[in-house]
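Chain and residue survey
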Amino acid sequence: QVQLVESGGGLVQPGGSLRLSCAAPGFSLENHAIGWFRQAPGKEREAISCINVDDSTLNIDSVKGRFTIVRDKVNNTVYLRMSDLKPEDTAVYYCATDPNWDINDYCSLTLGDYVGWGQGTQVTVSS
C-alpha cells in the first residue's frame, strides 16, 4: 500500500557529510515508524537506523555518533544525516516502514519487519 522514495546520495570524500531523504508521496509519514538500511557490494542488506512514531531512535554501533535520523513533519520527510563518512559506508541506502510498530518499545532494526521499500540511493565515499 505504501511506497517510499529515497534521494540525496552522491559521491563524497572521506570525512564528508550527506543528508539522505525518505519521502512518502500521497500519504503522511507522521504516524509511521521508518527505518534506514544499506547494502554494500557483495554484502547483505543491513539495518542502520530507525525512528518510531514517538520519534525515539536506534542506531547500530558502526554509525553511532555519525548518523542521525530525524522526522520533518512540515516537509513530510524522514532524513538520515550522515557525517564523518568512511569508505566502508559506501552502499545503496534504502528506507522502509514498519507497519507493526510498538509504541511501548523501541523501533525495529529487523529487516523483515519492513515494507514499502524504495529503489534506493547510491552513496559513494572515496577520495
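Refer to the structure printed above.
The sections below set out a description of the structure shown in this document. (Residues numbered from 1 in each chain as written. Predicted model: local features only at pLDDT ≥ 70, side-chain atom pairs only at ≥ 80, totals over all residues. Heavy atoms only, no water.)

Observations regarding the overall build of the chain
For the chain, the count of helices and strands is 0 helices and 10 strands. For the chain, the succession of helices and strands along the chain, N to C, is β-β-β-β-β-β-β-β-β-β. For the chain, whose C-alpha radius of gyration is 14 Å, the value lies close to the compact-globule estimate of 14 Å for 127 residues. Each principal axis of the C-alpha distribution contributes one length, and for the chain these read about 40 × 30 × 25 Å. Out of the 127 residues in the chain, the part that is buried amounts to 42%. At a minimum sequence separation of 6, the contacts of the chain that also span at least 24 residues come to 61%. Counting only carbon and sulfur atoms, one obtains 46% of the accessible surface of the chain, whose full area is about 6,600 Å². Here the chain carries 10 positive and 15 negative side-chain charges, and the mean point of each set is 6 Å from the other. (Helix = DSSP H or I, 4+ residues; strand = E, 2+ residues; numbered from the N terminus. Rg over C-alpha atoms; globule rule 2.2 N^0.38 Å. Buried < 20%, exposed > 50% of the residue type's maximum accessible area, 1.4 Å probe, protein only. Contact = heavy atoms within 4.5 Å. Areas by Shrake-Rupley, 256 points an atom, 1.4 Å probe, with all protein chains shown as cover. Lys, Arg positive; Asp, Glu negative; His and termini not counted. Charge placed at Lys NZ, Arg CZ, Asp CG, Glu CD.)

Concerning the pattern of salt bridges
Enumeration according to the criterion identifies 7 salt bridges in this entry. Note that Glu46 is salt-bridged to Arg38, the shortest N-O span being 3.1 Å. Owing to a relative accessible area of 32%, Glu46 belongs among the partly exposed residues under this scheme. The structure contains a network of salt bridges with shared partners spanning Arg38, Glu46, Arg66 and Asp89. (Salt bridge = Lys/Arg side-chain N within 4 Å of Asp/Glu carboxyl O.)

Digging into the sheet that holds strand E2 (residues 10–12)
An order of E2-E10-E9-E4-E5-E6 is seen for the 6 strands of this open sheet, with the pairing classed as mixed. Each edge of the open sheet is held by one strand with a lone partner, namely E2 and strand E6 (57–59). Put simply, the sheet's adjacent strands are angled 25° from each other on average, direction ignored. Judged from the 3 bridges that link them, strand E5 (residues 46–51) and E6 form a sheet pairing that is antiparallel. Looking at E6, one finds that Ile51 is bridged to Thr57. (Pairing = 2+ DSSP bridges. Axes fitted to C-alpha atoms, helices over the stretch in contact; angles between N-to-C directions.)

Things to note about the side chain of Arg66
Within the secondary structure layout, Arg66 lies in the loop between E6 and strand E7 (67–72). Taking relative accessible area as the criterion, Arg66 reaches 10% and is therefore assigned buried. In terms of polar contacts, Arg66 uses its side chain to reach the backbone carbonyl oxygen of Asp84, at 3.0 Å. Apart from residues lying up to four places away in sequence, Arg66 is in contact with Arg81, Met82, Ser83, Asp84, Leu85, Lys86 and Asp89. (Polar contact = N/O pair within 3.5 Å; in protein donor to acceptor, adjacent residues only side chain to side chain.)

A short note on the pairing of strand E8 (residues 77–82)
Remember that side chains alternate between the two faces of the sheet whenever the strand is regular. Burial analysis of E8 places 5 of its 6 residues in the buried class, which makes it a mostly covered element. Bridge count for E7 against E8 is 6 bridges, and the pairing is antiparallel. Of the residues in E8, the one forming a bridge with Thr68 is Arg81.

Side note on the sheet that holds E8
Hydrogen bonds along the backbone pair up the strands of a sheet, which may run parallel or antiparallel. Spatial ordering of the open sheet is given by E1-E3-E8-E7, a layout of 4 strands whose pairing is antiparallel. Whereas interior strands pair on both sides, the edge strands pair on one side only; in this sheet they are strand E1 (5–7) and E7. For this sheet, the mean angle separating the axes of adjacent strands, direction not counted, is 20°. The pairing of E1 with strand E3 (residues 18–23) spans 3 bridges and is classified as antiparallel. Considered in E3, the bridge of Glu6 is made with Cys22.

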